Amino acid sequence: MSHSQVEDRKAKLARLRELGVDPYGRRFENVTSLAEARRMGEGYNLEPGQHAEGSSVRVAGRVMLHRPAGKLVFMTLRDGTGDMQIAVSKAAVSETEFAVASKLLNLGDIIGVDGTLGRTKTGELTVWANTVTMLSKALQPPPEKWHGLKDVDLRYRRRYVDLFTNPGVREVFKQRSLIIDAIRRCLVERGFFEVETPVLQPIYGGAAARPFTTHHNALDMKLFLRISPELYLKRLLVGGIERVFEFSRNFRNEGIDTQHNPEFTLLELYQAYGDYNDMMDILEAMVSAAIERIGGGYKRKFGELEIDFAPPWPRRQYADLLFEYAGVRIDDVAAVRKKAESLGLEHVGMDDALVINEVFEATVEPKLIQPTFVLDYPAPICPLTRRKPDDPNIALRFEAFVAGMEVGNAYTELNDPAVQEENFRRQLAGENREETMAVLDEDFLLALQYGMPPAGGLGVGIDRLVMLLTGSTSIRDVILFPLQRPKATSEAGEEGDEVTAEDVEDGP
RNA sequence: GAGGGCGUAGCUCAGUCGGUAGAGCAAAGGCCUUUUAAGCCUUGGGUCCUGGGUUCGAGUCCCAGCGCCCUCACCA
């Protein structure tokens, strides 16, 4: 590379040092946020051209725009709360500071400014600098100031740039944080307490999914990254934690698309002495609390759709919906298989219940746009769920759908250890699909034998819920660092990265 | 896994029929005390994703590969 902007910036960095300026700053105390500085400024009711005499404010942020005009320099600073204009007049600051502000600064640098509040002749609220402090020299140029960073690949790979360049991205993740906080408070208020259960598991379970595997060196044992926290949380029910929840990161070694990321966040909660009816109430309450927290009301846009989250959500029978959308009765196996055939679905040699569910997924789920609870699933596909007392073919399970996506999954939990063991064993003996629960968790069965209270349990796909509430149609837009294939960036040290992670021992 | 699209300067993008690389922003130097994506003058900056092939000549056409996006398939 003969000449790069990075080189230019390094040269400026050297000149800063020559002038005795630390390009990377130090502690900068008592900073007022730009939003707060704006509020203060508004409070003075200034006329255009007027300054608030005696006002004093210290702000800091990244230089997003730079408009030098001779002996006066305007710039737009950005911090976590917004943007604000800074003006540096040559007459008001030291020679070095003016050199910094007018010549040695680049877009993307982080600076601190002490000054007074005022309005420009055109009425823009502005911090007029008395001092300018270099806090961080950016060696890499930021993206173009008008169009920003558009390249989707780069936005994910360099999320840090995406975040300061595209304010809407920050807003989505702020809302994600608020949604999670609202849900957590909602549960804590109801007497639930939060736990953390193992991510590294010798036996995986609680869902049907292919796991990631890893290895522990000292114990020389194979471990799985969890696919679900379910079996551990139920152990806690046995232990007497009667209302328990976990925001759990799970890992499923499966495809990636707009609704699936290999690692994702699943909220699971269990309530002793309850059942799936309680879980419906709680889900509605949590979503309402989240919406209240982020604002914007129950009616929300999602892509082309408008979704009304106002509770109560319709509670529909699985069998009724199947008949309504697929035109087949759930107990008419021949008709269901014929339907599967006409839909081009695989069904030969498959269990009846699986075929029914294939048809359901193909015909009903995409139609469930408005929030809907689907109740009472075919029992064989629900090994962890209690059966309906008067019909052992039906499991007391619901899934909640919005915009055709599954966002919630709940059971009246099965607490009969004998039935549970039988279900597991049937599962093992049945389809030997590699992703089904391939390992019998005997300790879990042992736990049930000590007695688990009857309970309702609920899982909520947090990423998908955040998608729906923030209008993000791709799961990658609500995950800060979605998994990307590594790209050969021709940076030094790319080679040999096979070796590193596995063999390097932990530090302290 | 299948189909489609995209990949050109730091960023956002043009690039005609195959004729030897362009703009804006950004950057460097200069001028400017009221700008709002400031303006004006000057200058520098390219592995046209990678590797082959066709051709006198390839950013452009062909083949293979890589990365990303979309749709489908897969996915309790």
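1. Quick notes on the overall build of chain A
Each helix and strand in chain A was counted, giving 15 helices and 19 strands. Over its C-alpha atoms, taken along the principal directions, chain A stretches across nearly 85 × 55 × 50 Å. Buried positions account for 48% of the 508 residues belonging to chain A. Accessible area for chain A stands at about 26,000 Å²; split by element, carbon and sulfur atoms hold 50% of it. Taking the 61 positively charged and 78 negatively charged side chains of chain A as two groups, their mean positions are separated by 8 Å.

2. Concerning empty space enclosed by the protein
Scanning all chains against the criterion turns up 3 cavities of 30 Å³ or more. If you add up the space inside the second largest cavity, you get close to 40 Å³. Every residue along the wall of the second largest cavity is listed here: Leu283, Val287, Phe309, Trp313, Val402, Val407, Val460 and Leu465. When the residues that make up the lining of the second largest cavity are grouped by side-chain class, the tally is 8 nonpolar, no polar and no charged.

3. A word on the protein's contact with RNA strand B
Near RNA strand B, the surroundings consist of 59 residues, among which Asp8, Lys12, Thr122, His260 and Arg476 are the closest. Those atoms of RNA strand B that come within 4 Å of the protein belong to sugar or phosphate at a rate of 56%. Here Arg67 contributes a side-chain N or O atom positioned 2.6 Å from a base oxygen of RNA strand B. The separation between a base oxygen of RNA strand B and a polar main-chain atom of Lys121 is 3.1 Å.

4. A few points about the layout of surface pockets
The computed volume of the second largest pocket comes to approximately 690 Å³. Contributing to the lining of the second largest pocket are 22 residues, with Gln140, Pro141, Arg158, Tyr160 and Val161 lying nearest its centre. Put simply, the parts of the chain that give the lining of the second largest pocket at least two residues each are α1 (5-18), α4 (152-157) and α5 (159-165).

5. A few points about unusual backbone geometry
In this structure, Pro312 follows Pro311 across a cis peptide bond, with omega equal to 0°. Along the chain, the position of Pro312 falls in the loop between β13 (305-308) and β14 (315-317). Located in the positive-phi region is Tyr273, a residue other than glycine, with phi close to 70°. For Tyr273, the position within the fold is in the loop between β11 (263-272) and α8 (276-294). For Tyr273, a relative accessible area of 59% gives the class exposed.

6. Focus: the side chain of Gln420
If you trace the backbone, Gln420 turns up in helix α12 (residues 417-429). In terms of polar contacts, Gln420 uses its side chain to reach the backbone carbonyl oxygen of Pro383, at 3.0 Å. Not counting chain neighbours up to four residues away, the residues in contact with Gln420 comprise Pro383, Leu384, Leu414, Phe444, Leu445 and Leu448.

7. Some remarks on the nonpolar core
With 48 residues, the main nonpolar core has Leu267, Leu269, Leu283, Met286, Phe398 and Leu458 as its most contacted residues. When residues of this core are assigned to their parent elements, the largest contribution, 11 residues, is made by α8. Among all residues touching Leu283, those that are not within four sequence positions of it are Trp313, Phe373, Phe398, Ala400, Leu458 and Val460. Core analysis: the second largest hydrophobic core is formed by 27 residues, Met75, Leu105, Leu125 and Val132 among them.

8. A look at the pattern of salt bridges
With the rule as written, the count across this model stands at 30 salt bridges. Its salt-bridge partner being Asp441, residue Arg235 comes within 3.1 Å of it at the nearest N-O pair. In this pair, Arg235 is assigned in helix α7 (residues 230-238) and Asp441 in the loop between α12 and α13 (442-449), connecting sequence segments 206 residues apart. Exposure remark for Asp441: the relative accessible area of 7% places this residue in the buried category. For Arg235, a relative accessible area of 17% translates into the label buried.

9. Regarding a nonpolar patch on the surface
A cluster of nonpolar side chains, Tyr160, Leu480 and Phe481, forms an exposed patch at the surface whose accessible area comes to about 340 Å². Here Leu480 lies in the loop between α14 (462-470) and α15 (500-503).

10. Points about the sheet that holds strand β2 (residues 72-79)
In spatial order, the strands read β1-β2-β3-β5-β4; together these 5 strands close into a barrel with mixed pairing. Strand-to-strand twist in this sheet, taken as the mean axis angle between neighbours without regard to direction, amounts to 55°. Summarising the sheet, strand β4 (residues 110-119) and strand β5 (residues 125-136) pair through 10 bridges and their orientation is antiparallel. Looking across to β5, one finds that Ile111 is bridged to Met134. Contacting β1 (57-69), β2, β3 (82-89) and β5, helix α3 (residues 95-104) crosses the sheet at an angle of about 70° to β2.

11. A closer look at α3
Count 3.6 residues to each turn of an α-helix, and residues three or four apart come out pointing the same way. Buried within α3 are the following residues: Glu97, Phe98, Val100, Ala101, Ser102 and Leu104. Against the buried residues of α3 lie α1, β1, β2, β3 and β5.

12. Some thoughts on the sheet that holds strand β8 (residues 213-216)
In space, the 3 strands of this open sheet follow the order β7-β9-β8, with antiparallel pairing throughout. Looking at strand neighbours, the two that pair on one side only are β7 (200-201) and β8, the edges of this open sheet. Sheet topology note: the β7/strand β9 (residues 221-225) ladder contains 2 bridges and is antiparallel. Bridge pairing links Gln201 to Phe224 in β9.

13. Section: the confidence of the model for chain A
Of the residues in chain A, 93% have a pLDDT of 70 or more, and the chain-wide mean is 90. Between residues 432-437, whose pLDDT stays under 50, and residues either more than four places distant or in other chains, the model counts 15 contacts. Counting contacts from residues 489-508, a segment whose pLDDT is below 50, to residues more than four positions away or on other chains yields 4 contacts. Here the predicted complex carries an ipTM of 0.91, next to a pTM of 0.92.

14. Topic: the packing of helix α10 (residues 333-342) against helix α11 (residues 352-363)
At a minimum axis distance of 9 Å, the contact between α10 and α11 shows a crossing angle of 50°. With respect to their mutual orientation, α10 and α11 come out oblique. When you trace α10 past α11, the crossing you get is left-handed. Contacts between α10 and α11 involve Val333, Val336, Arg337, Lys339 and Ala340 from the first element and Asp352, Val355, Ile356, Val359 and Thr363 from the second. By residue class, the composition of the contact of α10 with α11 is 6 nonpolar, 1 polar and 3 charged.

Rules used throughout
- Residues numbered from 1 in each chain as written.
- Chains lettered and ligands numbered in written order.
- Predicted model: local features only at pLDDT ≥ 70, side-chain atom pairs only at ≥ 80, totals over all residues.
- Heavy atoms only, no water.
- Helix = DSSP H or I, 4+ residues; strand = E, 2+ residues; numbered from the N terminus.
- Buried < 20%, exposed > 50% of the residue type's maximum accessible area, 1.4 Å probe, protein only.
- Areas by Shrake-Rupley, 256 points an atom, 1.4 Å probe, with all protein chains shown as cover.
- Lys, Arg positive; Asp, Glu negative; His and termini not counted.
- Charge placed at Lys NZ, Arg CZ, Asp CG, Glu CD.
- 1 Å grid on protein atoms, 1.4 Å probe; cavity = no way out; pocket = protein on both sides within 12 Å on 5 of 7 lines; lining within 4 Å.
- Points joined across faces, edges and corners; volume = space filled by probe spheres on them.
- Nonpolar A, V, L, I, M, F, W, Y, C, P; charged D, E, K, R; others polar.
- Near = heavy atom within 4 Å.
- Polar contact = N/O pair within 3.5 Å; in protein donor to acceptor, adjacent residues only side chain to side chain.
- Contact = heavy atoms within 4.5 Å.
- Core = buried A, V, L, I, M, F, W, Y, C linked by side-chain atoms within 4.5 Å.
- Salt bridge = Lys/Arg side-chain N within 4 Å of Asp/Glu carboxyl O.
- Patch = residues over 30% accessible without salt bridge, like charges linked within 9 Å, V, L, I, M, F, W, Y side chains within 5 Å.
- Pairing = 2+ DSSP bridges.
- Axes fitted to C-alpha atoms, helices over the stretch in contact; angles between N-to-C directions.
- pLDDT = per-residue confidence, 0-100.
- Parallel < 35°, antiparallel > 145°, perpendicular 65-115°, else oblique.
- Left-handed = near helix turned anticlockwise from the far one by under 90°.

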